[in-house]
There are 2 protein chains.
Amino acid sequence: MEFKELKEFFETHDNYLILTHRNPDGDTMGSGFALWNILRGMGKNANVLNHEPFPARYDFLYEGYSESDFEPQTIVAVDVASQNMLGAGLQQYADKVEVCIDHHISNSMYARNTIVDGDASSATLVLYRFIKEQGIPMTDIIAKCIYTGLATDTGCFKFSNTTPEAHIAAAELMAYDIDFVDVNRRMFDIKSMGRMTVESAVTRDMEYYFGGKCTMICVTRALIRETGVDIAEFDGLASIPLQVQGAVIGVTLREHRDKEGFKLSVRTTEEADASAFCRQFGGGGHVRAAGCEIDGTLEEVKAKVLKAVGEMLGE
Amino acid sequence: MEFKELKEFFETHDNYLILTHRNPDGDTMGSGFALWNILRGMGKNANVLNHEPFPARYDFLYEGYSESDFEPQTIVAVDVASQNMLGAGLQQYADKVEVCIDHHISNSMYARNTIVDGDASSATLVLYRFIKEQGIPMTDIIAKCIYTGLATDTGCFKFSNTTPEAHIAAAELMAYDIDFVDVNRRMFDIKSMGRMTVESAVTRDMEYYFGGKCTMICVTRALIRETGVDIAEFDGLASIPLQVQGAVIGVTLREHRDKEGFKLSVRTTEEADASAFCRQFGGGGHVRAAGCEIDGTLEEVKAKVLKAVGEMLGE
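These numbers were taken from a predicted model, which means no experiment stands behind them.

Participant: Sorry if this is basic, but what is going on with the interface of chain A and chain B here?
Facilitator: It is common to give the size of an interface as the accessible area that goes away when the parts come together. Counting from both sides, the interface comprises 38 residues of chain A and, opposite them, 38 residues of chain B. If you sort the residues of chain A by the area they bury against chain B, Lys158, His167 and Met196 of chain A come out on top, with a joint share of 19%. Lys158 of chain A is paired through a salt bridge with Asp189 of chain B; the nearest N and O atoms lie 2.9 Å apart. Where chain A touches chain B, the interface holds 12 residue pairs in polar contact (both at pLDDT 80 or more). Those elements that place two or more of their residues in the side of chain A that touches chain B are helix H5 (164–173), helix H6 (180–189) and helix H7 (193–204) of chain A. Of the residues in the side of chain A that touches chain B, the class split is 21 nonpolar, 12 polar and 5 charged.

Participant: Can you walk me through the relation of the copies chain A and chain B in this structure?
Facilitator: Each of the two chain copies can be generated from the other by rotation about an axis followed by a shift along it. Between chain A and chain B, the superposition needs a rotation of 180° and an axial shift of 0.0 Å, giving an RMSD of 0.1 Å. Taken together, the rotation and translation describe the operation of a two-fold axis. Minimal C-alpha distance to the rotation axis in chain A is attained by Ser200 of chain A, lying at 2.2 Å. The overlap is high: 100% of the interface residues of chain A also sit at the interface in chain B, so the same surface is used on both sides.

Participant: How should the sheet that holds strand E9 (residues 262–268) of chain B be read in this particular structure?
Facilitator: If you walk across this open sheet you meet the 6 strands as E6-E7-E8-E9-E11-E10 (chain B), and the pairing is mixed. Each of the sheet's edge strands pairs with one partner strand only, and the pair in question is strand E6 (207–209) and strand E10 (284–285) of chain B.

Participant: Is there a simple way to explain helix H6 (residues 180–189) of chain B in this structure?
Facilitator: In an α-helix, one turn spans 3.6 residues, which is why side chains three or four residues apart end up on the same side. Looking at H6 of chain B, one finds that the buried residues are Phe180, Asp182, Val183, Asn184 and Met187 of chain B. For H6 of chain B, the elements touching its buried residues are helix H4 (140–153) of chain B.

Participant: Would you explain the domain arrangement of chain A in this entry?
Facilitator: Taken domain by domain, chain A comprises domain 1 (3–189) and domain 2 (193–313). Using C-alpha coordinates to define each centre, domain 1 of chain A is positioned 33 Å away from domain 2 of chain A.

Participant: So what exactly am I meant to see when it comes to the nonpolar core here?
Facilitator: A general feature of soluble globular proteins is that nonpolar side chains tend to end up buried together. The biggest cluster of nonpolar side chains holds 104 residues, and the ones touching the most others in it are Phe10 of chain A together with Phe10 and Ile101 of chain B. Here Phe10 of chain A is in contact with Tyr16, Leu35, Leu39, Met42, Lys44, Val76, Ile101 and Phe130 of chain A, once residues within four sequence places are set aside.

Participant: Help me out: how do you make sense of the sheet that holds strand E1 (residues 16–19) of chain B in this one?
Facilitator: Note: strands within a sheet are paired through backbone hydrogen bonds, in either parallel or antiparallel orientation. Residues and elements named next belong to chain B. Pairing is parallel in the open sheet, where 5 strands are placed in the order E2-E1-E3-E4-E5. Among the strands making up the open sheet, the edge pair consists of strand E2 (46–49) and strand E5 (113–116). Across the sheet, the axes of successive neighbouring strands diverge by a mean angle of 15°, strand direction being ignored. As paired elements, strand E3 (residues 74–78) and strand E4 (residues 99–102) share 3 bridges and run parallel to each other. By the bridge assignment for E4, Val78 is matched with Ile101. Here helix H1 (residues 3–12) sits on the sheet and contacts E1, E3, E4 and E5; the angle it forms with E4, its principal contact strand, is near 135°.

Participant: Explain the environment of Leu150 of chain B to me, please; I cannot follow it from the model alone.
Facilitator: All names here are of chain B. Its place among the elements puts Leu150 in helix H4. Here Leu150 falls in the buried class, since its relative accessible area comes to 0%. Put simply, Leu150 and Asp27 are 123 residues apart on the chain and 6.8 Å apart in space, counted from C-alpha to C-alpha. Beyond its immediate stretch of four places on either side in the chain, Leu150 contacts Ser121, Ser122, Thr124, Leu125, Phe157, Ala166, Ala169, Ala170 and Leu173.

Participant: Can you help me understand unusual backbone geometry in this one?
Facilitator: Note: most peptide bonds trans; most residues except glycine with negative phi. Unusually for a residue other than glycine, Asn23 of chain A sits at a positive phi of about 50°. Along the chain, Asn23 of chain A turns up in the loop between strand E1 (16–19) and helix H2 (26–41). Look at Asn23 of chain A and you get exposed, because its relative accessible area is 57%. Positive phi, close to 45°, is recorded for Asp179 of chain B, a residue that is not glycine.

What counts, and at which threshold
Residues numbered from 1 in each chain as written. Chains lettered and ligands numbered in written order. Predicted model: local features only at pLDDT ≥ 70, side-chain atom pairs only at ≥ 80, totals over all residues. Heavy atoms only, no water. Contact = heavy atoms within 4.5 Å. Buried area = accessible area lost by both parts, 1.4 Å probe. Salt bridge = Lys/Arg side-chain N within 4 Å of Asp/Glu carboxyl O. Polar contact = N/O pair within 3.5 Å; in protein donor to acceptor, adjacent residues only side chain to side chain. Helix = DSSP H or I, 4+ residues; strand = E, 2+ residues; numbered from the N terminus. Nonpolar A, V, L, I, M, F, W, Y, C, P; charged D, E, K, R; others polar. Least-squares fit on C-alpha atoms with pLDDT ≥ 70 in both. Pairing = 2+ DSSP bridges. Buried < 20%, exposed > 50% of the residue type's maximum accessible area, 1.4 Å probe, protein only. Domains from an automatic or database assignment. Core = buried A, V, L, I, M, F, W, Y, C linked by side-chain atoms within 4.5 Å. Axes fitted to C-alpha atoms, helices over the stretch in contact; angles between N-to-C directions.

Encoded structure:
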């Protein structure tokens with residue numbers, strides 16, 4: 001589907017449900033509410049849906065939003081690469097998606113019509129291209145939604161998916177009242193008390209091997225109990241070990257909830273291959289970020305990991 | 001001084017010392033080595049000088065650099081707002097600076113000729129304007145130096161000094177081989193083991209008052225001893241307390257080294273005035289970031305601070 005057809009589609013349909021992905025982030029939320037504002041501007045009925053209630057940290061995107069009462073007719077998904085990503089709460093719509101707007105090259109093409117720009121840094125950037133090409137009126141809130149998705153998915157212009165286009169879009173969006181300082185503070189700086197506790201605990205217990213070339217954190221069931229923090233706050237810790245100066249391979253061990261053994265998340269600098277490392281244990285992934293599972297007690301798993309790290313580092 | 005005159009100056013002088021500021025950051029280092037490469041490209045002799053040896057974390061900027069042997073004739077300072085910022089090691093040159101290239105509106109105009117663009121996000125962006133306007137040849141290493149200063153001073157495009165021009169410059173610089181992912185990892189993600197330990201310790205001991213609206217960390221002499229980490233690693237902690245969700249005022253207490261009492265660094269969201277808060281104690285600063293000193297034991301100082309916080313929050 002081309003942008004011209006998308007505009008015609010929007011003009012000739014009504015009563016939209018806009019689906020966003022589970023574990024919502026700034027890009028799916030930003031895309032969802034940007035599209036909601038676009039459709040409302042075209043005089044259409046629309047609601048934004050997520051598998052769970054919208055997280056409070058994105059409240060600046062849905063200020064002024066309220067769910068309307070209408071008979072849904074048109075299902076659109078934004079930043080949702082596969083039906084599975086809709087989560088259980090939205091599975092009822094999984095086979096009825098008319099249009100999917102996305103930037104994941106891995107999109108499974110489950111929708112009747114798909115616009116997937118794999119070279120776009122964020123799904124909101126696809127919407128931005130649409131807005132510019134088709135002359136859709138831009139507003140402050142749409143600009144803020146688009147910026148939020150762009151900043152989120154590029155790690156504030158830090159990750160390798162940051163393109164010159166991403167920077168130029170940011171420059172143009174700054175002409176609107178987007179308060180990007182506040183957006184970035186909310187997206188990147190603010191943490192819950194629980195998260196602060198978790199990060200403090202895993203950093204305190206960080207282990208250093210091979211002169212600091214290998215760093216390791218161990219998220220055991222005992223640690224989770226000890227901190228008393230909600231288990232969700234223990235997600236997304238895998239980047240922490242590699243933040244230590246001199247580390248080449250950063251390993252995060254996470255104990256299984258209900259059986260003996262650990263899930264490993266491995267991160268490496270350009271000096272090591274995370275994917276090759278994890279393949280030894282039946283896992284895989286990308287060259288800088290990969291994962292696998294290893295059975296055994298903490299001591300057994302650590303011994304296996306350190307033996308393999310030693311071989312990899314030639315030590 | 002205009003850029004045209006600056007180019008003429010460079011063409012008609014030789015044997016340069018390029019001075020950078022003490023506690024060197026990515027902007028002064030980036031400016032220094034960008035200018036060194038520009039001058040070398042013009043066939044000139046030049047050395048870059050700092051108060052201390054160049055920190056290893058900036059080694060990607062001075063790859064290929066070596067100090068040359070010549071009789072210094074022309075002193076240029078980059079990103080140095082005042083003579084004091086040169087540090088003790090470079091005071092011998094403080095009154096001999098022919099040209100200063102800077103972006104601090106507070107520049108004390110100590111140099112014979114000053115180019116200070118207060119609207120530039122970084123000193124490297126002033127050099128970038130110069131390069132573009134005067135047709136200086138751009139190279140990969142110059143682009144990398146300029147990007148590094150720009151990313152450093154804007155907190156990777158997060159701070160309020162980020163302008164549309166900063167984003168457009170970043171987009172243009174990405175046409176060169178700058179490996180911005182590696183630059184940003186070095187500038188923003190990597191921490192020393194000691195720093196990890198310090199951040200873990202102050203986060204572990206963080207105190208929450210008024211339902212979490214006030215957060216506080218206390219850097220006591222005892223804590224510094226306990227961690228066994230170099231004292232320099234305890235600088236720049238003041239932004240941590242305000243990272244907690246819901247915090248309105250984040251206070252960092254730092255015990256004096258040689259007398260009773262504490263230095264306070266106060267950070268606030270838009271809901272509180274850090275400067276007004278600190279004025280009560282004879283200090284001052286900006287509306288979101290201010291400081292003061294309070295005499296007394298830890299308990300006495302905390303009591304004074306919390307009383308004032310309670311009044312400010314109306315609780």
